[in-house]
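Geometric and topological summary
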Amino acid sequence: MKQLFDALGKWGCNVDDALVRLLGDEELYIDCLESVQCDPAFYALGDALRAGDKESAFENAHTLKGVLGNLSLTPLSVTVSEMVEPLRGGSDDGLMPVYEQLMAQRKELEDILSQYKK
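Described below are features of the structure shown in this document. (Residues numbered from 1 in each chain as written. Predicted model: local features only at pLDDT ≥ 70, side-chain atom pairs only at ≥ 80, totals over all residues. Heavy atoms only, no water.)

**Focus on the packing of aromatic side chains**
A full pass over the atoms with the stated rule returns 1 aromatic pair. Taking 5.8 Å as the distance between ring centres and 65° as the angle between the ring planes, the aromatic pair formed by Phe-5 and Tyr-29 counts as edge-to-face. With Phe-5 in helix 1 (residues 2-11) and Tyr-29 in helix 3 (residues 26-36), this residue pair connects regions lying 24 residues apart in the sequence. Taken individually, Phe-5 and Tyr-29 each receive the classification buried, so the pair is uniform in this respect. (Phe/Tyr/Trp six-rings, centres within 6.5 Å; stacked < 30°, edge-to-face > 60°. Helix = DSSP H or I, 4+ residues; strand = E, 2+ residues; numbered from the N terminus. Buried < 20%, exposed > 50% of the residue type's maximum accessible area, 1.4 Å probe, protein only.)

**Observations concerning the packing of helix 1 against helix 3**
Packing of helix 1 against helix 3 brings their axes to within 12 Å, and their N-to-C directions diverge by 55°. Between helix 1 and helix 3, the angle is such that the two are oblique. As for the relative orientation of helix 1 and helix 3, their crossing is left-handed in sense. Here helix 1 contributes Leu-4, Phe-5 and Leu-8 to the contact with helix 3, which in turn contributes Glu-26, Tyr-29, Ile-30 and Leu-33. Considering only residue class, the contact of helix 1 with helix 3 consists of 6 nonpolar, no polar and 1 charged. (Axes fitted to C-alpha atoms, helices over the stretch in contact; angles between N-to-C directions. Parallel < 35°, antiparallel > 145°, perpendicular 65-115°, else oblique. Left-handed = near helix turned anticlockwise from the far one by under 90°. Contact = heavy atoms within 4.5 Å. Nonpolar A, V, L, I, M, F, W, Y, C, P; charged D, E, K, R; others polar.)

**Considerations on the pattern of salt bridges**
Throughout the structure, instances matching the rule amount to 7 salt bridges. Between Asp-6 and Lys-2 there is a salt bridge whose closest N-O contact spans 3.0 Å. Of this pair, Asp-6 and Lys-2 both sit in helix 1, separated by 4 residues, roughly a single helical turn. Overall, the relative accessible area of 61% leaves Lys-2 in the exposed class. Its salt-bridge partner being Glu-110, residue Arg-106 comes within 3.1 Å of it at the nearest N-O pair. Pair noted here: Arg-106 and Glu-110 are both in helix 7 (residues 95-116), with a separation of 4 residues, about one helical turn. The network of salt bridges with shared partners includes Arg-106, Lys-107, Glu-110 and Asp-111. (Salt bridge = Lys/Arg side-chain N within 4 Å of Asp/Glu carboxyl O.)

**A look at the nonpolar core**
In this structure, Leu-8, Tyr-29, Leu-45 and Leu-73 are the most contacted members of the largest nonpolar core, which totals 38 residues. Those elements giving two or more residues to this core turn out to be helix 1, helix 2 (15-21), helix 3, helix 4 (40-51), helix 5 (54-70), helix 6 (74-88) and helix 7. Looking at this core element by element, the count peaks at 8 residues for helix 7. (Core = buried A, V, L, I, M, F, W, Y, C linked by side-chain atoms within 4.5 Å.)

Shown next, in the form of structure tokens:
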């Protein structure tokens, strides 16, 4: 577990901060990490952007921002935050490259988890 947490820290996550919110439950944190990488909001966000559905895109980006922030997955959280405010204002201009970056980061998380899984 320590190797996983160290790898996440090197990637830019604040594992200690997330564990405070989870009352130090390391197993729960790992379960949450495994769940978040498969969160359907990632794909729903992309679908909404491609369809020009700004309202749905905002809802999914906002959901991800909360989840990723609570888990202190900083690289992902920062990227999705770049999407929330324009979408809140009704604009999706230029957000597809940001979404692609978000998905690449989601893959990085997946790779870290698979490398250090028990």
